[in-house]
Amino acid sequence: SVGRIESFLLEVVNDAGGGNQYIIENLIINDLPLKSLNAVQSASQNTRTMQLNLFMQLLASDTNVPCSAATVLATYKRIKTLTDLGEGLEALSKCNRLEDEMGVVGASFHSQVVAFSKSR
């Protein structure tokens, strides 16, 4: 059936009397079909990528998406992987939109983001 793998394992064991014993094990693995498993992994990857892309869109200088610094921080906190957090942190370090359009003054916002990143 779909998602079921069945295999036999044959093991030959020498007994004390010089003869052989044969042990047969029937291994059955019931799991998601490979297509479904790949689809789940792909959907998970798409979700992770979507969070980073949304964050990048909020930081882009040519975006028409209105947002606040709180929205940017909340979006950053939804990013799951450390690699994506690193990319987001790098983009944030180069972004002028926070100061120019959202009224962020000083490094307090960046300190919050770095503290969150360290906690992950």
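Here's a quick rundown of the structure. (Residues numbered from 1 in each chain as written. Predicted model: local features only at pLDDT ≥ 70, side-chain atom pairs only at ≥ 80, totals over all residues. Heavy atoms only, no water.)

1. Brief notes about helix H3 (residues 82-94)
The cut-off we apply is this: Put simply, DSSP marks the helices as runs of H or I at least four residues long and the strands as runs of E at least two long, and each gets a number from the N terminus on. Any helix carries an expected span of 1.5 Å times its number of residues minus one. Think of it in three bands: residues with accessible area under 20% of the maximum for their type are buried, residues over 50% are exposed, and the middle band is partly exposed, with areas taken using a 1.4 Å probe on protein chains only. Think of the arc as the fan of directions from the helix axis to the C-beta atoms.
In this model H3 runs 19 Å from its N-terminal to its C-terminal C-alpha over 13 residues, within 8% of the 18 Å that 1.5 Å per residue would give. Every buried residue belonging to H3 is among Asp84, Leu85, Gly88, Ala91 and Leu92, and all of these are buried. Considered in projection along H3, the buried side chains sweep an arc of 125 degrees and stay on one side of the axis. Facing away from the buried side of H3 by more than 90 degrees, the exposed set consists of Leu82, Thr83, Ser93 and Lys94.

2. With respect to the nonpolar core
Heads up, the condition is: Remark: nonpolar core denotes a set of buried residues (Ala, Val, Leu, Ile, Met, Phe, Trp, Tyr, Cys) joined through side-chain atoms within 4.5 Å. By the convention used here, residues are in contact when the closest approach between their heavy atoms is within 4.5 Å.
Phe55, Leu59, Val72, Tyr76, Leu92, Leu98 and Phe109 are the most contacted members of the largest nonpolar core, which has 20 residues in total. Counting residues per element, the ones that place at least two in this core are helix H1 (34-59), helix H2 (69-77), H3, helix H4 (97-102) and helix H5 (108-119). Aside from chain neighbours lying at most four places away, what touches Val72 is Phe55, Leu58, Leu59, Cys67, Leu98, Met102 and Phe109.

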